[in-house]
Amino acid sequence: MELAGRFFADFGRLAKFHPHEYAFVNTPLSLERIVGGESKADGVELSYLVPIPLFLRATIGGYNKLGAENERLDETKSRAWSRFTYLARLQTYFDLTDHQSVELGASVAFTPSIRIPSDPHGGNRTLSGVDVTYRYQPLGSTLYEGFTVGGEFFGNSERVERTSGFQRMFAPGGYAYAEAKLSREWAAGFLFDHAPSLASPGKKTIGYSPFLTWNLSEFNRLRFQYSYLDDKVREEKSERGHQFFLQWTTVLGSHTHGFR
């Protein structure tokens, strides 16, 4: 499959979907900080289904910029190929048993040169990610029963500005969640989020978010979520906060975001 123009680049799992497609309310902060939210990109992409008995899809791509909230580069300006972002991804899916399945993926995006006015040396950026999704779906049950566990681990390496000047920093982070479908109407789950500061990876925000979903109908959904955030400014100091969400989602028509 070939894509060209503006689309969601095939990086990771959740970055290719709009937030209303998530099992929880908000985009994980780790995804926002490290990837830049949705993987919006302008460029070209080629996917190839490897002809083997196991499902295995390989993707390569080149983009003017990767990440809707990535402010390192201006998407309205063209740039040389040496400053494009290049991506490679492998994704597989297989059944463990008649009731259980696993989806695995690994992604890497490399930008050879990022020019920052205050940094005459510039530098490259490497963004990597590993994602896993496990599903339990009992045979003979409906789609409204089952259990899902998923998560992504990210790593970002680039030169960032610090008080002592520009230094290369590696920032690891990610999220994990679990959701149980209790009936046609109800589902419940929990989201854990670990979001570092890219400039100071020791500064991070840890989030704990239980959520409850009520499917009023095929076209209407209510979701309740509470988030406890622990913002670790320094090892000896933390700032804590609480968030409450009530989300109403209604659907008119249908659309899809590829293989799920």
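Preceding this section is the structure that the text describes.
Since the structure is predicted, the reported quantities are computational estimates derived from the model, not experimental observations.

Caption draft 1: Looking closely at the overall build of the protein. The number of helices and strands found in the protein is 1 helix and 12 strands. Moving toward the C terminus, one meets the helices and strands of the protein in the order β-α-β-β-β-β-β-β-β-β-β-β-β. Compactness check: the protein gives a C-alpha radius of gyration of 20 Å against a globular reference of 18 Å for 260 residues, within 12% of the reference. Reported as C-alpha extents along the three principal axes, the dimensions of the protein are approximately 60 × 50 × 35 Å. Taking the 29 positively charged and 29 negatively charged side chains of the protein as two groups, their mean positions are separated by 5 Å.

Caption draft 2: Layout of the pattern of salt bridges. For the coordinates displayed, the defined rule picks out 8 salt bridges. In this structure, the salt-bridge partner of Arg6 is Asp42, at a minimum N-O distance of 2.7 Å. Placement of Arg6 in strand β1 (residues 2-8) and of Asp42 in strand β2 (residues 40-49) is noted, with a sequence separation of 36 residues between them. Given a relative accessible area of 54%, Arg6 falls into the exposed group. A salt bridge links Asp131 to Arg89; the nearest nitrogen and oxygen atoms lie 2.9 Å apart.

Caption draft 3: Region of the structure containing empty space enclosed by the protein. Throughout the structure, instances matching the rule amount to 2 cavities of 30 Å³ or more. Approximately 60 Å³ is the volume found for the largest cavity. Leu66, Asn70, Thr85, Thr111 and Arg125 are, among the 10 residues lining the largest cavity, the residues nearest its centre. Counting only elements with at least two residues in the lining of the largest cavity, the list comes to β5 (100-111) and β6 (125-136). Of the residues in the lining of the largest cavity, the class split is 5 nonpolar, 3 polar and 2 charged.

Caption draft 4: Representation of the nonpolar core in the model. In this structure, Phe11, Leu14, Phe24, Leu31, Val35 and Phe154 are the most contacted members of the largest nonpolar core, which totals 25 residues. Within the residue set of this core, elements represented by two or more residues are α1 (29-35), β3 (55-66) and β8 (165-181). Leaving out residues up to four positions away in the same chain, Phe154 has contacts with Phe11, Ser30, Leu31, Ile34, Val35, Ser128, Gly129, Ala171, Pro172, Gly173, Gly174 and Tyr175.

Caption draft 5: Structural detail: the environment of Tyr144. Position of Tyr144 relative to the elements: it lies in the loop between β6 and β7 (146-162). Accessibility expressed as a relative area gives 33% for Tyr144, which makes it partly exposed. As for Tyr144 and Arg184, which are separated by 40 residues in sequence, their C-alpha atoms are 4.9 Å apart. For Tyr144, the residues in contact, after removing those within four places along its chain, are Lys181, Leu182, Ser183 and Arg184.

Caption draft 6: Spotlight on the environment of Pro19. Relative to the helices and strands, Pro19 is located in the loop between β1 and α1. Between the alpha carbons of Pro19 and Glu38 there is a distance of 8.7 Å; along the sequence they are 19 residues apart. Dropping the residues within four chain positions of it, Pro19 is found in contact with Phe24, Val25, Thr27 and Glu38.

Caption draft 7: Representation of a nonpolar patch on the surface in the model. Judged by side-chain polarity, Leu182, Trp186, Leu212, Trp214, Leu216, Phe224 and Leu246 come together as a nonpolar surface patch covering roughly 650 Å² of accessible area. Topologically, Phe224 is positioned in strand β11 (residues 220-234).

Caption draft 8: Layout of the side chain of Glu179. By secondary structure assignment, the location of Glu179 is in strand β8. Buried charge Glu179 goes without a salt bridge, the closest partner of opposite sign being Arg223 at 4.6 Å. Among all residues touching Glu179, those that are not within four sequence positions of it are Ala23, Gly146, Phe147, Thr148, Ala187, Ala188, Gly189, Phe211 and Thr213.

Caption draft 9: Fine view of the pairing of β8. The pairing of β7 with β8 spans 17 bridges and is classified as antiparallel. Its bridge partner lying in β8, Ser157 is registered against Phe170. Between β7 and β8, which pair antiparallel and follow one another directly, the connecting turn spans 2 residues. For β8 and strand β9 (residues 186-196), the ladder comprises 8 bridges, and the chain directions are antiparallel. Across the sheet, the residue bridging to Tyr177 is Leu191, located in β9. As consecutive antiparallel partners, β8 and β9 are separated by 4 residues.

Caption draft 10: Inspection of the pairing of β3 at higher detail. As paired strands, β2 and β3 are joined by 8 bridges and run antiparallel to one another. Within the sheet, the bridge partner assigned to Ser47 lies in β3 and is Thr59. Here 9 bridges tie β3 to strand β4 (residues 85-95), and the two strands are oriented antiparallel to one another. The residue of β4 that forms the bridge with Ala58 is Leu90.

Conventions used here
- Residues numbered from 1 in each chain as written.
- Predicted model: local features only at pLDDT ≥ 70, side-chain atom pairs only at ≥ 80, totals over all residues.
- Heavy atoms only, no water.
- Helix = DSSP H or I, 4+ residues; strand = E, 2+ residues; numbered from the N terminus.
- Rg over C-alpha atoms; globule rule 2.2 N^0.38 Å.
- Lys, Arg positive; Asp, Glu negative; His and termini not counted.
- Charge placed at Lys NZ, Arg CZ, Asp CG, Glu CD.
- Salt bridge = Lys/Arg side-chain N within 4 Å of Asp/Glu carboxyl O.
- Buried < 20%, exposed > 50% of the residue type's maximum accessible area, 1.4 Å probe, protein only.
- 1 Å grid on protein atoms, 1.4 Å probe; cavity = no way out; pocket = protein on both sides within 12 Å on 5 of 7 lines; lining within 4 Å.
- Points joined across faces, edges and corners; volume = space filled by probe spheres on them.
- Nonpolar A, V, L, I, M, F, W, Y, C, P; charged D, E, K, R; others polar.
- Core = buried A, V, L, I, M, F, W, Y, C linked by side-chain atoms within 4.5 Å.
- Contact = heavy atoms within 4.5 Å.
- Patch = residues over 30% accessible without salt bridge, like charges linked within 9 Å, V, L, I, M, F, W, Y side chains within 5 Å.
- Areas by Shrake-Rupley, 256 points an atom, 1.4 Å probe, with all protein chains shown as cover.
- Pairing = 2+ DSSP bridges.

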